[in-house]
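# Working through the structure, step by step
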Amino acid sequence: PRLLSQFFFADERVTRVVAEINGLDAELDPQQYLVLLNQLHLSQAHLLAILERIMEECIPTQRHSRDYLVKFPEELLVDNLGNHMLFAAECLLAGTFLEVEEADGAQLRPQARNLLCSLELVRTVLREQSLSQPGSYPEPVQAVLIQFDRLFAEFELSYVSSLVAVKSPEEIYRQQEIIVLFCETVERALRLGYLTQEMIDGYEPLLMFTIPRLAIISGLLIYPEGPLSLEQSPEQMSRVFSPFYNLLKKIRDLLQVLSAEELCLLERSLCTAE
């Protein structure tokens, strides 16, 4: 059950597969090469998963910040992102630029080299520790883990930034404002009886349409200084709403001529219309 023991056997599997790949002529047996390559990816993913658990146990308060992940597109935030980063580093070090431009790859190569060297050091240190004292993490072990964690985070941010346009701090803040608007909209709708707690707890499908509709009214009338403020230019709004800037102005103008009773009737109808 000890993590260091698990790491030892996971590391043995990686070493064994690498040895088989190095002893195989890929041109003579391409099918077996692909099989071994898949085994390598799986064994490396398992090794990284155990290493992640070791770092959480050994250096939980000294982990490098991963706040930058909120800048990444959601489609990149997958379970195997770490293994993908390791594969990318190996390709860069071999001079292969699969996903990035050659100029970006040349800039990333030093980081990739440092990351892979750090990983080899971590593997060596943890193997030795697992054979001597598998239940403890002395200071030298902690030091190499802290360094690896930092290098991994720095490479991950640099590599992904070279692939896609990461969100700016301003865009992240605008998205947070939209989250607040939706929360306040739901709270107001519950208070006025437009929605019930049972509908929310039961994940009523209609809410997927109802809440955004109510949020537009709330953003234009109830909280006019929030993320739907039309006093700002379209460029200053979140990309969620900026394409509809002129339409939102027309909706606001129509809403402003409604009486309180008419507004209430409109909102109630938006909660039932499909």
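Quick look at the structure, then. In every chain, residue numbers begin from 1 and rise along the written sequence. Local features are withheld for residues below a pLDDT of 70 in this predicted model, meaning they are given only at 70 or higher, and side-chain atom pairs are given and counted only at 80 or more; totals for whole chains, interfaces and linings count all residues. To obtain the side-chain values, all non-hydrogen atoms of the structure were used and water was disregarded.

## Remarks on the packing of helix α2 (residues 30-58) against helix α5 (residues 139-163)
The cut-off we apply is this: Helix axes are fitted only over the stretch in contact, all axes being lines through C-alpha atoms; the angle between N-to-C directions runs from 0 to 180 degrees. Numbering of helices and strands starts at the N terminus; helices are DSSP runs of H or I of at least 4 residues and strands are runs of E of at least 2. The scheme is simple: roughly parallel for angles under 35 degrees, roughly antiparallel for over 145, roughly perpendicular for 65 to 115, oblique for anything else. It is the rotation of the near helix from the far one that decides the hand of a crossing: anticlockwise by less than a right angle makes it left-handed, clockwise makes it right-handed. Any pair of residues with heavy atoms lying within 4.5 Å of one another is described as a contacting pair. Only Asp, Glu, Lys and Arg are considered charged in this grouping, and only Ala, Val, Leu, Ile, Met, Phe, Trp, Tyr, Cys and Pro are considered nonpolar; every other residue, Gly among them, is considered polar.
Running from amino to carboxyl end, α2 crosses α5 at an angle of 120°, the nearest separation of the two axes being 11 Å. Taken together, the axes of α2 and α5 are oblique relative to one another. Like other packed secondary-structure pairs, α2 and α5 cross with a definite hand, here left-handed. Here α2 contributes Leu48, Leu51, Ile54, Met55 and Cys58 to the contact with α5, which in turn contributes Gln142, Leu145, Phe148 and Asp149. Partitioning the contact of α2 with α5 into residue classes produces 7 nonpolar, 1 polar and 1 charged.

## Comments concerning the side chain of Ser229
To keep it simple, the criterion reads: Whenever a nitrogen or oxygen atom comes within 3.5 Å of another N or O atom, the pair is scored as a polar contact, on the condition that within protein one atom can donate a hydrogen and the other can accept it, and that pairs from neighbouring residues in sequence are kept only if both atoms are in side chains.
Relative to the helices and strands, Ser229 resides in the loop between α8 (207-222) and α9 (245-255). Of the polar contacts made by the side chain of Ser229, one reaches the backbone oxygen of Pro224; its length is 3.4 Å. In terms of polar contacts, Ser229 uses its side chain to reach the backbone amide nitrogen of Glu231, at 3.3 Å. Setting aside residues up to four positions removed in sequence, Ser229 forms contacts with Pro224 and Met237.

## Considerations on the packing of helix α1 (residues 3-22) against helix α4 (residues 102-132)
Helix-helix packing is characterised by the crossing angle of the two axes and by the distance between the axes. Following both chains from N to C, one finds α1 and α4 inclined at 130°, their axes separated by 9 Å at the closest point. In terms of their interaxial angle, α1 and α4 are classed as oblique. Helix-helix and strand crossings are classified by hand; for α1 and α4 the assignment is left-handed. Packed against α1, whose contacting residues are Leu4, Phe7, Phe8, Asp11, Val14 and Thr15, the element α4 presents Arg123, Leu126, Arg127, Gln129, Ser130 and Leu131 at the interface. For the contact of α1 with α4, the class distribution of residues is 6 nonpolar, 3 polar and 3 charged.

## Let's talk about the environment of Glu101
Rules: Summary of the burial criterion: residues with accessible area below 20% of their type's maximum are buried, those above 50% are exposed, and those between are partly exposed, where the area comes from a 1.4 Å probe applied to protein chains only.
The topology assignment puts Glu101 in the loop between α3 (81-93) and α4. Note on Glu101: relative accessible area 57%, which makes it exposed. Along the primary structure Glu101 and Leu163 are separated by 62 residues, whereas in three dimensions their C-alpha atoms are 8.8 Å apart.

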